[in-house]
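Structural description and commentary
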Amino acid sequence: MKERIERLKSIQDDWQSSEFNPPATETQIAEFEENTGISIPNSYKDFLRLSNGAELSGGDCQLYSVDMNDKFRINYDFSEGSVPEGLLILGFYNSQHICFDKRYESFIFYEYEDYNDISEECLMFSDFYEVMDYIIDIAEN
């Protein structure tokens, strides 16, 4: 994960710069999970241990934190309830939510339709490392 963060930091075009927050502590992660009843996927915890949230690609992408005082904290729904309950919101990319689907143990990019109808059309990743690789690929091309 550290290498992926460093790659994103190295992209310094005006519109593609990225900002990373200081790391979350194990205590912060555990307290967030306990206080919210949310179980954070391990590969996203790997990201949080290096950066407790981030703004990527000049703001086109936001990865959420465990900071309860942060507007952009895990499960923040800017679409005001259109995300199905089974999806844990971890950030956004353009107009899509970056979510963890607990049913299938996968990460998806979700956008405002009945998920059961479009699940095969959603970008799907097995872990958050693959999500980061996808974001890097878009930023570099």
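Residues numbered from 1 in each chain as written. Predicted model: local features only at pLDDT ≥ 70, side-chain atom pairs only at ≥ 80, totals over all residues. Heavy atoms only, no water.

Strand order in the open sheet formed by seven strands is β1-β2-β3-β4-β5-β6-β7, with antiparallel pairing between adjacent strands. One side of each edge strand has no neighbouring strand; the edge strands of this open sheet are β1 (19–20) and β7 (124–125). Pairing geometry for strand β6 (residues 106–110) and β7, over two bridges, is antiparallel. Note on β7: the bridge partner recorded for I108 is M124. (Pairing = 2+ DSSP bridges. Helix = DSSP H or I, 4+ residues; strand = E, 2+ residues; numbered from the N terminus.)

Right, let's talk about the pairing of strand β5 (residues 96–101) for a bit. The element β5 is extensively covered by neighbouring structure, given that five of its six residues are classed as buried. Of the strand pairs in this sheet, strand β4 (residues 87–93) and β5 are connected by six bridges, and their pairing is antiparallel. Each residue of the ladder has a partner; that of I89, found in β5, is C99. Where β4 folds back on β5, the antiparallel hairpin that results is connected by two residues, among which N94 adopts a positive phi of roughly 55°. Looking at chain direction, β5 and β6 are connected through five bridges and run antiparallel. Paired with C99 across the bridge in β6 is I108. (Buried < 20%, exposed > 50% of the residue type's maximum accessible area, 1.4 Å probe, protein only.)

Looking now at the packing of aromatic side chains. Evaluated as defined, the whole model comprises 15 aromatic pairs. Aromatic pair Y64 and F92: ring centres 6.5 Å apart, planes at 65°, arrangement edge-to-face. Taken together, the residues Y64 in the loop between β3 (61–63) and β4 and F92 in strand β4 connect sequence positions 28 residues apart. By relative accessible area, Y64 is classed as buried at 0%. Given the relative accessible area of 14%, F92 is considered buried. Relative to Y134, the ring of F125 lies with its centre 5.5 Å away and its plane at 50°, an arrangement referred to as tilted. Joined through ring pairs, the aromatic side chains of Y44, F47, F100, F107 and F128 make up one cluster. (Phe/Tyr/Trp six-rings, centres within 6.5 Å; stacked < 30°, edge-to-face > 60°.)

Turning to the nonpolar core, a few remarks are in order. Judged by nonpolar contacts, the single largest core of 42 residues is most densely connected at Y44, F47, I74 and F128. The contact partners of I74, leaving out residues within four places of it in the chain, are F32, I40, Y44, L48, Y64, S65, V66, L88, I89 and L90. (Core = buried A, V, L, I, M, F, W, Y, C linked by side-chain atoms within 4.5 Å. Contact = heavy atoms within 4.5 Å.)

Turning our eyes to something else, we now look at the pattern of salt bridges. Applying the stated rule across the entire model yields seven salt bridges. With a closest N to O distance of 2.7 Å, R7 and E140 form a salt bridge. Separated by 133 residues along the polypeptide, R7 in helix α1 (residues 2–10) and E140 in helix α5 (residues 128–140) bring together distant segments of the chain. Overall, R7 belongs to the partly exposed group, its relative accessible area being 39%. Across the pair D46 and R49 runs a salt bridge, and its minimum N-O distance is 2.9 Å. A residue is classified by how much of its surface remains accessible, and R49, at 32% relative accessible area, is partly exposed. In the salt-bridge network here, residues are joined through shared partners; they are E26, D46 and R49. (Salt bridge = Lys/Arg side-chain N within 4 Å of Asp/Glu carboxyl O.)

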